[in-house]
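Chain by chain, the residues:
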Amino acid sequence: MRPEEVRALLWSFAYFFCLLASYYILRPLRDEMGVAGGVRNLQWLFTGTFLAMLAAVPLYGALVARLPRRWFIPFVYHFFVANLAIFWILLALDFERQNVARVFFIWISVFNLFAVSVFWSFMADQFSSEQGKRLYGFIAAGGSAGALAGPAITIGLAKVIGVVHLIVVAAALLELAVVCAARLEPKQQVAQQSTVSLGGGALDGLKMVVRSPYIAGITLWVALLSGVATFLYFKQAAIVAATSDDPAVRTRIFATVDLAVGDQFQKHSYPFAIMVNATGKRFVDEGADFRNYTYAKYGRVILEQPGQFAWQIFDQKVKHLQRDEYRIRQITKVTADTVEELAKKLEGVNAEEFLKTIAEWNKAVRQDVPFNPNVKDGRRTDGLAINKSNWANTIDTPPFEGYAVTCGITFTFGGLRVNTDCEVLNTDYQPIRGLYAAGELVGGIFYFNYPGGSGLISGAVFGKIAGTSAGRALKN
Ligand SMILES: Cc1cc2nc3c(=O)[nH]c(=O)nc-3n(C[C@H](O)[C@H](O)[C@H](O)COP(=O)(O)OP(=O)(O)OC[C@H]3O[C@@H](n4cnc5c(N)ncnc54)[C@H](O)[C@@H]3O)c2cc1C
């Protein structure tokens, strides 16, 4: 970050923070309103959202083409705030609640798309491509902080001020976002650019999708992602609807889901680290392969260690390679400026042996082989009782970090035996008539190891076979 960039960077951070905090306050409200109208009607709300998008996208394109930038950003956000004011009044007065709730649901979905895309288009105008590479990470962190603050505000206030009045808080944050955006526009550019319209036509976006395979690829990816997310959303809505009838409670549940850690409890950057057990020694080839091919079987190896735990050790040379899951709050982590200090902090580990392990390790790394985290680089160790095959680096650049890990349960895959029609076999290996199995409860497939991402495919393949076989059996 350069000194002349600090101001713009901080305003961008604040802008994205306010924007996403506002959206994440409204999102649980939307979800609650979707459930309030009946989970069965959700599909119509999704259809309504789709139609609203179809109408809004060319309208938005036409607006972008005509309005000067100086007017465009405040116009869009003030427009959304005005909408929020109308929703607030109607909901507070309890006027046609069910219909207003439906329109609100659709409105939020459209708002999300435009509010965020306006933000990133604005950022693309603010910063050059080179600056973007350096600065977007920090700006995006503003959005992440907002996405955490929003649900936290909803959880804290839903019961206190009532669900409907959260709309006012969200609108205030949106107005703050406009203030931040206004502080951002550099003076010299105001003169040059902000009084002319942005240009382009209402359907330019569509034309670009057709012309550019790159943009078409991104569009397809987003479409597939949305398809999967829609299935999950329906499931979530059904669960929350079954949990409570109280709108405030349901809103809090939706907000809590937004704050949830998800599957970030895993710690899968160990191929770039070393792992030690309670004896202070390494016990596995951390770099035998990419994590996708080792994480399942290494969970089992950790279970076999004394106390069933291990510590992953990183230094600053490889810290940037850590996956997002290393940055959640719910972790057991220690840091130290020296290896000796680290040894004392690794709970349950023989410190003396650990120091020996590090000393031997640092001597064994083949520094003549270049390190490349993107391929199996063959940068190995030589002469250790358990060597590492790839991605070996000395541990010598403080601060040093240790992460405590144990084995988690992602799946079982150790259950029933089936034949090629997915009929379940009894202990005499004879099919049990009318009983079919698929998915996790089928044993014998991934017992010794599991290539990441194959569980769902296995479920789909065996599910189809089991379903077809069951249908055939019924017919006969
Ligand atoms: C954190 C995590 C990350 C994963 N990541 C991936 C990935 O990236 N890619 C991938 O392919 N796979 C992944 N998997 C594995 C994949 O999700 C599972 O293998 C798959 O979902 C299993 O599907 P299933 O239908 O066989 O079992 P499940 O999804 O477990 O379904 C079993 C259902 O049966 C219900 N049930 C249980 N007992 C009863 C009962 N007595 N009566 C009625 N219902 C009952 C359960 O509530 C559950 O809904 C991951 C798993 C986890 C946990």
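Sequence positions are assigned chain by chain, starting from 1 and proceeding in written order. Reporting of local features is limited, given that this is a predicted model, to residues whose pLDDT is at least 70; pairs of side-chain atoms are given and counted only at 80 or more, and all residues count toward the totals for whole chains, interfaces and linings.

## Brief notes about the domain arrangement of the protein chain
Here's step 1: For every domain, the bounds stem from an assignment made automatically or drawn from a database. One can read the domain layout of the protein chain as domain 1 (3-259), domain 2 (270-405) and domain 3 (423-475).
Here's step 2: Here the C-alpha centre of domain 3 lies 43 Å away from the C-alpha centre of domain 1.

## Some thoughts on the nonpolar core
Here's step 1: Core membership is restricted to buried Ala, Val, Leu, Ile, Met, Phe, Trp, Tyr and Cys residues, and these are joined into a nonpolar core through C-beta atoms within 7 Å. Buried residues are those with 20 or more other C-beta atoms within 10 Å of their own C-beta, exposed residues have 12 or fewer, and partly exposed residues lie in between; C-beta atoms are placed from the backbone. Counting 51 residues, the largest nonpolar core has Tyr 15, Phe 16, Cys 18, Leu 19, Leu 20, Ala 170 and Ala 177 as the members making the most contacts within it.
Here's step 2: Secondary structure elements follow DSSP: runs of H or I no shorter than four residues count as helices, runs of E no shorter than two count as strands, and numbering proceeds from the N terminus. Among the secondary structure elements, those contributing two or more residues to this core are helix H1 (6-36), helix H2 (42-66), helix H3 (69-92), helix H4 (97-126), helix H5 (129-157) and helix H6 (166-184).
Here's step 3: Considering every element that reaches this core, the biggest residue donor is H1, with 17 residues.
Here's step 4: Excluding residues that lie within four positions of it along the chain, Ala 170 makes contacts with Ser 22, Ile 25, Leu 26 and Leu 84. Two residues qualify as being in contact provided that their C-beta atoms, derived from the backbone, are within 7 Å of each other.

## Considerations on the packing of H1 against H4
Here's step 1: In this description, a line fitted to the C-alpha atoms serves as the axis of each element, helices being fitted only across the stretch in contact, and the angle between N-to-C directions of two axes falls anywhere from 0 to 180 degrees. Relative orientation of the contacting elements H1 and H4 amounts to 165°, with a least axis distance of 9 Å. Classified by the interaxial angle, the pair formed by H1 and H4 is roughly antiparallel. Between H1 and H4 lies a crossing whose hand is left-handed. In this structure, H1 contributes Ala 8, Ser 12, Tyr 15, Phe 16, Leu 19, Tyr 23, Leu 26, Arg 27, Arg 30, Met 33, Gly 34 and Ala 36 to the contact, and H4 contributes Ala 101, Phe 104, Phe 105, Ile 108, Asn 112, Ala 115, Phe 119, Met 123 and Gln 126. Note that the term roughly parallel is reserved for angles under 35 degrees, roughly antiparallel for angles over 145, roughly perpendicular for angles of 65 to 115, and oblique for everything else. Here is the rule for handedness: rotate from the far helix to the near one, and if that takes an anticlockwise turn smaller than a right angle the crossing is left-handed, while a clockwise turn gives right-handed.

## Quick look at the environment of Ile 215
Here's step 1: Within the element layout of this structure, Ile 215 appears in helix H9 (residues 213-243).
Here's step 2: Under the C-beta neighbour-count criterion, Ile 215 is labelled partly exposed, with 13 such atoms within 10 Å.
Here's step 3: The sequence separation of Ile 215 and Phe 265 amounts to 50 residues, and the corresponding C-alpha distance is 34 Å.

## Section: the sheet that holds strand E1 (residues 274-276)
Here's step 1: If you walk across this open sheet you meet the four strands as E1-E2-E4-E3, and the pairing is antiparallel. Of all the strands in the sheet, the pair left with one neighbour each is E1 and strand E3 (333-336). Neighbour to neighbour, the strand axes of the sheet diverge by 25° on average, direction disregarded.
Here's step 2: One requirement defines pairing of two strands: DSSP has to find at least two bridges between them. In this sheet, strand E2 (residues 310-314) lies alongside E1 in antiparallel orientation, the contact comprising three bridges. Following the sheet pairing, Ile 274 is matched in E2 by Ile 313.

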